[in-house]
Amino acid sequence: MIDGPYFVLTVLGVLGTGLTAGVFCAFSTFVMPGLAALPPAQGIAAMNSINKAAVRPAFMAVFLGTAVLAAVIAVVTFVLWPEEAAVELLLGSALYLIGSFGVTAAANVPRNTALLEVEPGSARAADRWTSYVREWTAWNHVRTIASAAAAVAYVLALR
């Protein structure tokens, strides 16, 4: 079993990846379906408001803090290469950094930025909203699964 600073880093990794997975899961399972059921103008306005609220310190501390933590865990693991749990630690870090943080930066944020440019009451709004919900949610499923899998990998590192 890992111990000392590794143990603390890993427990924090479990907590951060788990919390992030929970937020993403909530969006996939009920927030996005709820927003999709609204008329396009209302759905677009609501999602733009949510996206602005998401970049506040509470969520960003968890989301970005976990990315930094995952990078630290990966670097420390590469440098020290512990006898136990190296694979699980590296896997957890890779899953979060690529599947959660990377997908957010490459897929979800660009869609959020594009949604800001959609005029909610325009003729194209309905089509853009339908595409946005479908694509954004599909990528959010990836983030959810990657974050949850990272949490599992970190938990397995603790055994």
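Preceding block: the structure.
These numbers were taken from a predicted model, which means no experiment stands behind them. (Residues numbered from 1 in each chain as written. Predicted model: local features only at pLDDT ≥ 70, side-chain atom pairs only at ≥ 80, totals over all residues. Heavy atoms only, no water.)

Visitor: What should I look at first to understand the packing of helix H2 (residues 40–54) against helix H4 (residues 86–116) in this one?
Guide: The interhelical angle for the contact between H2 and H4, taken along N-to-C directions, is 125 degrees, at an axis separation of 10 Å. Taken as axis vectors, H2 and H4 run oblique relative to one another. In this structure, H2 crosses over H4, and the sense of that crossing is left-handed. On H4, the residues that touch Ile-44, Met-47, Asn-48, Asn-51 and Lys-52 of H2 are Asn-112, Leu-115 and Leu-116. (Axes fitted to C-alpha atoms, helices over the stretch in contact; angles between N-to-C directions. Helix = DSSP H or I, 4+ residues; strand = E, 2+ residues; numbered from the N terminus. Parallel < 35°, antiparallel > 145°, perpendicular 65-115°, else oblique. Left-handed = near helix turned anticlockwise from the far one by under 90°. Contact = heavy atoms within 4.5 Å.)

Visitor: What is the right way to look at the nonpolar core in this model?
Guide: Side chains of a nonpolar character, in soluble globular proteins, are inclined to be buried together. Formed by 16 residues in total, the largest nonpolar core has its most connected members in Ile-2, Ile-73, Ala-85, Leu-89, Tyr-96 and Tyr-154. Mapped onto this core, the elements with two or more residues apiece are helix H1 (4–36), helix H3 (57–80), H4 and helix H5 (125–158). Ranked by residues supplied to this core, first place goes to H3 with five residues. Leave out the neighbours within four places in its chain, and Ile-2 touches Phe-7, Thr-10, Glu-84, Ala-85, Ala-157 and Leu-158. Judged by nonpolar contacts, the second largest core, of 13 residues, contains Met-32, Ile-44, Trp-129 and Trp-136. (Core = buried A, V, L, I, M, F, W, Y, C linked by side-chain atoms within 4.5 Å. Buried < 20%, exposed > 50% of the residue type's maximum accessible area, 1.4 Å probe, protein only.)

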